[in-house]
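Spelled out from the first residue to the last, the chains are:
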Amino acid sequence: MNIYANAEKLAALKNKANHLPLTPGVYIMKDKSGKIIYIGKAKALKNRVTQYFGSGNQHTEKVRRMVAQVDDFETILCDSEFEALILENSLIKQNQPKYNILLKDDKGYSYIHITADKWKRLAAAKSTEQEGDYIGPYNSFYIVRETVDETRKIFKLPDCTRDFDKISKPCLNYHIGICSAPCRGKMPLREYLDTVDAAVDFIRHGDKNGALLDDLRAKMEQAAENLQFETAAVLRDRITAIEKIRQKQKVVRAPYKSEDVIASAFIGETACVEVILFRDYRLVDKLSFLIDGVTDRQLLYAEFLSRFYSDRADPPSRILIDEEEDRTALEDWLTEKAGRKVVFLTPKQGEQKQLLDMCLKNAAETLSAQAGRTGREMSVLNELARLLGLKTAPRRIESYDISNTAGSENVAGMVVFMDGRPYKPAYRRFQIKSFSGQDDYRSMAEVLDRRFTEYEKGEDAEFAKLPDLILLDGGQGQLSAVLPVLKRHEITVPVFGMVKDSKHRTRAISSQGGDIAIKSNRAAFTFVTNIQDEVHRFAIGYHKNRRSKAMLNSELLNIEGIGKARAAALMKAFKTVKAIREASVEELTAAPGMTQSAAESVYGYFHGL
């Protein structure tokens, strides 16, 4: 069934696209009313536009919805990709198309609010409407929030809304040493307000040249000399907190005066693009953008970067990004915009690579909150995708392993990992049926054939879902065996093998192009090892169970009066050899298909009668 509403219209649009030239330009998609719903640019118009009207199965849901609404398109030829980029930005600003990435740029300022309460508090605010004093304005709410949080910790100020005129039980912040807990009723109001004043002074003036720390150390020593040990302890803790904050600030200092760091994490068709901005060698802002309907990092950045920098008058000289790509046109545009050279870089090692990794972890953490997973799980899925060359992080991973003993009781196990965790309701077992003997390659081919036959039937809810990645226990042999199976079923899921060393430990991932070493990437290595261990455990467990039952059936057949039917009936009724051995004659007789004489024969066999 064609996924688009009008197959004839789709064919006409594809035919029109096939007649476009292979030159740079801008394309404009319109709906039936003539309204512009999407604007894009391309190095080669024909190649890019025909992609929209090809196989819908290759598109994300967002693109499918957009294409379904396209009634016609127009193109504007340009002399260069640079010219197309400028024109695309201008047209998007004018028309604000529904399906373009439109990044909301909050022009409002942020403030640090000192409330007008009797017991003053510090808070981050986006307006100055409430009573009290304000420090600001600041351009970044992130910086305001971080400043307030760190200042509270240094001066042990509360972040709650309790009434401190009433005595109450202190919360966890008091017990972990980041709040002085005025709610206990043991802190005079004057002392509390003096602490707030000191915190405000710290925010306004910081610790220039270490003057604040020197002053606090002098006061601490004086308090100790005056035997005011409680006051000295408070000052000591404040000194320690400030030193920790200063050390933390050093960690996030950039070696270059002005640069942005950009990284993205994917899960399914949702991406998070994280941007960390450094100015004057300091981190000044962190921005997160959640974008739906994308699976390709290159296509995401092709649109995101021009949108992000279109309203920024002063782009940095350096932009670190986690995807290598020819961005000459974008660099030329930003260079012209900034009046100085702007370059995109993808560092592979050193301090700059660490900044990029930090940005990626932040993107994964933001995305994990949406998916209900931890940042570490999101990070490892994205790292695995990069390692294997996948366009997006695999949400559903299926893994297969074969288990037998010299070809007998030949079985296979399939395990499923969803968003980085085992998903046991989707685990499945297979008995190899198409042949006898030991042949792991044929066994793997049979299992994948049966799995995707079930997918085509659509009767099993779990089999009806396609995986994003298949991992086989084995190397090139297993891959060669199953790739024709996927081709026959027209399945385009990426498949890799998991190769073990002589000590049965994961060594590498096998691909059509050769083995990919993964030990250098600790997170991905551990994750793949866990998958390989889990599928092996599941497959061998099934094999042992089958072998035990076979051995039991064989033993039962040695008993006079017990044939295959009665042996199977006993197994079904008692489940284990031990249960049959311990059963009484009466219990054995009660089993389906059993007689008194057969029961006595079984009882006598196990009890030496």
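In short, a report on the structure. For clarity, every value in this text was computed on a predicted model and none was experimentally measured.

### A look at the overall build of the protein
Thinking step 1. Of regular secondary structure, the protein possesses 20 helices and 19 strands.
Thinking step 2. Relative to its full complement of 609 residues, the protein shows a buried share of 45%.
Thinking step 3. Considering only residue pairs separated by 6 or more positions, the protein has 60% of its internal contacts joining residues 24 or more positions apart.
Thinking step 4. In the form shown here, the protein has an accessible surface area of approximately 31700 Å², with 49% of it arising from carbon and sulfur atoms.

### Looking at the nonpolar core
Thinking step 1. Leu381, Leu384, Ile397, Leu469 and Phe527 are the most contacted members of the largest nonpolar core, which has 29 residues in total.
Thinking step 2. Looking at this core, the elements with two or more residues in it are strand S7 (258-267), helix H12 (350-371), helix H13 (375-388), strand S13 (408-418), strand S16 (469-473), strand S17 (495-500) and helix H16 (522-556).
Thinking step 3. When sequence neighbours within four positions are dropped, the list of residues in contact with Leu381 reads Ile267, Ala393, Pro394, Ile397, Asp419, Gly420 and Phe527.

### A word on the packing of helix H10 (residues 297-310) against helix H11 (residues 328-338)
Thinking step 1. Axis separation between H10 and H11 bottoms out at 11 Å; the angle between their running directions is 5°. The angle between H10 and H11 places the two elements in the roughly parallel class. Where H10 abuts H11, its residues Leu305, Ser306, Tyr309 and Ser310 lie against Leu330, Trp333, Leu334 and Lys337.
Thinking step 2. Residue composition of the contact of H10 with H11, by class: five nonpolar, two polar and one charged.

### Re the packing of helix H14 (residues 440-457) against helix H15 (residues 476-488)
Thinking step 1. At a minimum axis separation of 8 Å, H14 and H15 run at an interaxial angle of 30°. Taken together, the axis directions place H14 and H15 in an arrangement best described as roughly parallel. Taken as a pair, H14 and H15 cross one another with a handedness that is right-handed. Along the contact surface, H14 presents Asp440, Tyr441, Met444, Ala445, Leu448, Asp449 and Phe452, while H15 presents Gly477, Gln478, Ala481, Val482, Val485, Leu486 and Arg488.
Thinking step 2. Among the residues forming the contact of H14 with H15, the class breakdown is nine nonpolar, two polar and three charged.

### Focus: the pattern of salt bridges
Thinking step 1. Tallying each qualifying case throughout the model produces 31 salt bridges.
Thinking step 2. A salt bridge links Asp515 to Arg507; the shortest N-O distance between them is 3.3 Å.
Thinking step 3. You can call Arg507 partly exposed: its relative accessible area is 36%.
Thinking step 4. A cluster of three or more residues bridged by salt bridges with shared partners is formed by Arg396, Glu398, Arg451, Glu462 and Lys465.

### Some details on the packing of aromatic side chains
Thinking step 1. Taken as a whole and judged by the stated rule, the model has 16 aromatic pairs.
Thinking step 2. With 5.9 Å between their ring centres and 80° between their planes, Phe289 and Phe308 make a pair best called edge-to-face. One end of the pair, Phe289, is in strand S9 (residues 282-292); the other, Phe308, is in helix H10, with 19 residues separating them in the sequence.
Thinking step 3. Between Phe417 and Phe527, the ring centres sit 5.9 Å apart and the planes meet at 85°, which makes this aromatic pair edge-to-face. Placement of the pair is Phe417 in strand S13 and Phe527 in helix H16, with a sequence separation of 110 residues. In this structure, Phe417 and Phe527 share a single accessibility class: buried.
Thinking step 4. Members of the aromatic cluster, each reached through a chain of ring pairs, are Phe289, Phe304, Phe308 and Tyr309.
Thinking step 5. Stacked on the ring of Phe73, the Lys or Arg Lys16 has its end atom at 4.6 Å from the ring centre.
Thinking step 6. Residue placement shows Arg318 over the ring face of Tyr256; its charged tip is 3.6 Å from the ring centre.

Reading the values: the criteria
- Residues numbered from 1 in each chain as written.
- Predicted model: local features only at pLDDT ≥ 70, side-chain atom pairs only at ≥ 80, totals over all residues.
- Heavy atoms only, no water.
- Helix = DSSP H or I, 4+ residues; strand = E, 2+ residues; numbered from the N terminus.
- Buried < 20%, exposed > 50% of the residue type's maximum accessible area, 1.4 Å probe, protein only.
- Contact = heavy atoms within 4.5 Å.
- Areas by Shrake-Rupley, 256 points an atom, 1.4 Å probe, with all protein chains shown as cover.
- Core = buried A, V, L, I, M, F, W, Y, C linked by side-chain atoms within 4.5 Å.
- Axes fitted to C-alpha atoms, helices over the stretch in contact; angles between N-to-C directions.
- Parallel < 35°, antiparallel > 145°, perpendicular 65-115°, else oblique.
- Nonpolar A, V, L, I, M, F, W, Y, C, P; charged D, E, K, R; others polar.
- Left-handed = near helix turned anticlockwise from the far one by under 90°.
- Salt bridge = Lys/Arg side-chain N within 4 Å of Asp/Glu carboxyl O.
- Phe/Tyr/Trp six-rings, centres within 6.5 Å; stacked < 30°, edge-to-face > 60°.
- Lys NZ or Arg CZ within 6 Å of the ring centre and 35° of its normal.

Don't take any of this as a statement about function, it's just geometry.
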